[in-house]
Each structure stands twice: as C-alpha cells, then as structure tokens.
Amino acid sequence: MSARLAASILTADFARLGEEVAAAEQAGVDWIHVDVMDGQFVPNLSFGPLVAKALRRATSLPLDVHLMVYQPENLIPAFAEAGAASITVQMEACTHLQRTVQQIRDLGVRPGVALNPSTPLITLEEILPELDMVLIMSVNPGFGGQGYLPGSTSKIARLRRWLQESGLAHVDIEVDGGIKADNAATIIAAGATVLVVGSAVFSGIAPVAENVARLRAHFG
C-alpha cells in the first residue's frame, strides 16, 4: 500500500475553506488534516470543533485531528462527535497519556500520539502497543510553512524498525512539517505511511490538483 496524503487545512484559504477542501478531495488526497492549537501549548490559535463539524459536512474524506493543546481530554469528546476519524494528542501535553488514549478509542476513534522534534522515541515505550498511529513532528509545531528538520528522517527509520521488531507494523507513522515534492520519497522510504502536507497542497500559486499530482509523483 502506498503512503497516504493528508492535506492540512492550516495553510488553506480560510475564506474559501469548503472550496479548498473540495478541490483537495477531487485531486485525490486521502485525509483532511485539522491542526488544533490553543495558544498555550503552541504560540498560535486555530480551529475548534465547529470547524471540524463543518468540514465533516463538506467532505467524505476521513478527518485527521491533531490536538496541539494542553488538557486534550476536555476537547476529545467534541471532536469525536464532530466526526473525527482519528485524534492525535501530544506526548508532551498529556499528564495521563494512557487514560487519554483509551478515551479516544472508547469514542470509536483511532488514537495517535505525536512527538515534538526534541522528544525521544523511548517515551513511547509503554504506550506504543495501544496506538493506531504515531505522528513525528518534523518541524516545531505552531505554524505552517516551516522547513523540514533533516534529523527527522532517521527518527522515522528508527521508529519503523522498532514497530517491525515489536510486531506492531500495522501502526501508522505520520509525518508533519516541511514536506514537499523534493523530500516526500525520502520520508516514505524511511518508513512513513501518512504524509501531512499543507503549503505544498494549498500553495495559492498553482492549482491544488497540480500540487497534489506533483506530490503523488514522488509517492512511488
């Protein structure tokens, strides 16, 4: 199975969000990625559950919600009700991570855990068997359009080996930050199964369909 492409709406034109998402769906992206920021865990504010609910009406694609917030357990039920297919929380923001992951699964949603660039993989050791997805942040979260941190590639490869050796090859490795046509193939070769792409899809320069086709050409 080839890697999946998750289009991040963080860099879309918010005044035309429904049209942008429709264009991405028509172009063949696999998921719509929703970055939720609280202005505290990261220095930015973004979307709430009402936006996710509106997106659920606007697209048939799975909604992939990434909660970059403190106390994510307070928001998880609302995003699940809004139609999220997967909800990923930040390792660094969860006091009781196992309880939070179980909360997501109990709501019928795929649970994931995200690691910031400086957070080591070993922090996943106890929770890894309970996850459907690990999100490797390849930029420091908070803003779209940042450059890919080169050290992320070896981190992805180490995680892929760990999953295979642990009998957890089914767990997705999602990567988010700085992904472009010129590095997508390398990231996939390292073991990523889901690539989150924002500015390289919603560039505002070329049409979304053209941007997606350019990316897909490197997916193998």
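Rules used throughout
- Residue indices begin from 1 for each chain and proceed along its sequence in written order.
- Local features are withheld for residues below a pLDDT of 70 in this predicted model, meaning they are given only at 70 or higher, and side-chain atom pairs are given and counted only at 80 or more; totals for whole chains, interfaces and linings count all residues.
- Hydrogens and water are ignored here; the side-chain numbers use all heavy atoms of the structure.
- Only DSSP runs of H or I with at least four residues qualify as helices, and only runs of E with at least two residues qualify as strands; both kinds are numbered from the N terminus onward.
- The convention used is that axes are lines fitted to C-alpha atoms, helices contributing only their stretch in contact, and that angles between N-to-C directions extend from 0 to 180 degrees.
- Angle categories are assigned with fixed cut-offs, so that under 35 degrees is roughly parallel, over 145 is roughly antiparallel, 65 to 115 is roughly perpendicular, and the rest are oblique.
- Each crossing is labelled by how the near helix is turned from the far one, with a counterclockwise turn of less than a right angle marking it left-handed and a clockwise turn marking it right-handed.
- The contact definition used throughout considers only heavy atoms, calling two residues in contact when any of these lie within 4.5 Å.
- Classification used: nonpolar for Ala, Val, Leu, Ile, Met, Phe, Trp, Tyr, Cys and Pro, charged for Asp, Glu, Lys and Arg, polar for all others including Gly.
- Only protein chains enter the accessibility calculation, which uses a 1.4 Å probe. A residue is then buried if its area is under 20% of the maximum for its type, exposed if over 50%, and partly exposed in between.
- Any two strands with at least two DSSP-identified bridges between them are counted as paired.
- The crossover handedness rule: strands pointing away from the viewer, path from first strand over the helix to second strand clockwise, crossover right-handed.
- Nonpolar cores were defined as sets of buried Ala, Val, Leu, Ile, Met, Phe, Trp, Tyr and Cys residues, with membership established by side-chain atoms within 4.5 Å.
- The arc in question is the one traced by the directions running from the helix axis out to the C-beta atoms.
- Between rings of Phe, Tyr and Trp, where Trp is taken as its six-membered ring, a pair exists when centres lie within 6.5 Å; planes separated by under 30 degrees are stacked, by over 60 edge-to-face, and by other angles tilted.

**Student:** So what about unusual backbone geometry? Which residues, and what values?
**Tutor:** Phi at Q71 takes a positive value of approximately 50°, unusual for a residue other than glycine. Looking at where Q71 falls in the secondary structure, it is placed in the loop between β3 (63-68) and α3 (76-82).

**Student:** So what about the packing of helix α1 (residues 17-27) against helix α7 (residues 208-216)? Which residues, and what values?
**Tutor:** Between α1 and α7, the shortest axis-to-axis distance is 9 Å and the interhelical angle comes to 40°. Put simply, α1 runs oblique to α7. The chirality of how α1 crosses α7 is right-handed. Facing α1, whose interface residues are E20, A23, A24 and A27, α7 presents V208, A209 and V212. Partitioning the contact of α1 with α7 into residue classes produces six nonpolar, no polar and one charged.

**Student:** Provide a residue-level description of the pairing of strand β1 (residues 4-8), including the pertinent values.
**Tutor:** Across the five residues that make up β1, a large majority, five, are buried. Side chains of β1 alternate between two faces, with R4, A6 and S8 and L5 and A7 buried alike. Bridge analysis of β1 against strand β8 (residues 194-197) gives four bridges, and the strand direction is parallel. Considered in β8, the bridge of A6 is made with V196. Inspection of the sheet shows β1 paired to strand β2 (residues 31-37) by three bridges, in the parallel sense. Opposite S8, over in β2, you have H33 as the bridge partner. On the question of chirality, the crossover connecting β1 to the parallel β2 by way of α1 is right-handed.

**Student:** Outline the side chain of N183, listing residues and values.
**Tutor:** With respect to the element layout, N183 can be found in the loop between β7 (172-176) and α6 (184-190). Looking at N183, the relative accessible area reads 14%, which means it is buried. Ignoring any residue separated from it by four or fewer positions in sequence, one finds N183 in contact with Y148 and G178.

**Student:** Describe the nonpolar core, and please don't skip the residues or the numbers.
**Tutor:** Judged by nonpolar contacts, the single largest core of 72 residues is most densely connected at I87 and L124. Of all hydrophobic cores here, the second largest spans five residues; its members include W31, M133, V194 and V196.

**Student:** Describe α1, with residues and values.
**Tutor:** Every buried residue of α1 is accounted for by L17, E20, V21 and A24. One side of α1 carries all its buried residues, which in axial view fall inside an arc of 95°. Opposite the buried face of α1, at more than 90 degrees from it, the exposed residues are E19 and Q26. Along its buried surface, α1 packs onto β1, β2, α2 (49-58) and α7. Two residues or fewer past α1, G28 is found with a positive phi of approximately 105°.

**Student:** Run through the sheet that holds strand β5 (residues 110-115), naming residues and quoting values.
**Tutor:** Within the closed barrel, the eight strands sit side by side as β1-β2-β3-β4-β5-β6-β7-β8. Their pairing is parallel. For this sheet, the mean angle separating the axes of adjacent strands, direction not counted, is 25°. As judged from the five bridges shared by strand β6 (residues 133-137) and β7, these two strands associate in the parallel manner. Each residue of the ladder has a partner; that of I136, found in β7, is V175. Against the sheet, helix α4 (residues 97-106) makes contact with β4 (84-90) and β5, and its axis sits at roughly 145° relative to β5, the strand it touches most.

**Student:** Tell me what's going on with the packing of aromatic side chains, and back it up with residues and numbers.
**Tutor:** Tallied over the full model, the rule gives two aromatic pairs. Ring centres of F14 and F47 lie 5.3 Å apart, and the angle between their planes is 70°; this geometry places the pair in the edge-to-face category. Highlighted residues: F14 in the loop between β1 and α1 and F47 in the loop between β2 and α2, separated in sequence by 33 residues. Residue F14 is classed as partly exposed on the basis of its relative accessible area of 48%. Consider the rings of F41 and Y70, whose centres lie 5.3 Å apart with planes at 85°: the pair is edge-to-face.

Geometric descriptors of this kind do not, in isolation, establish any biological role.
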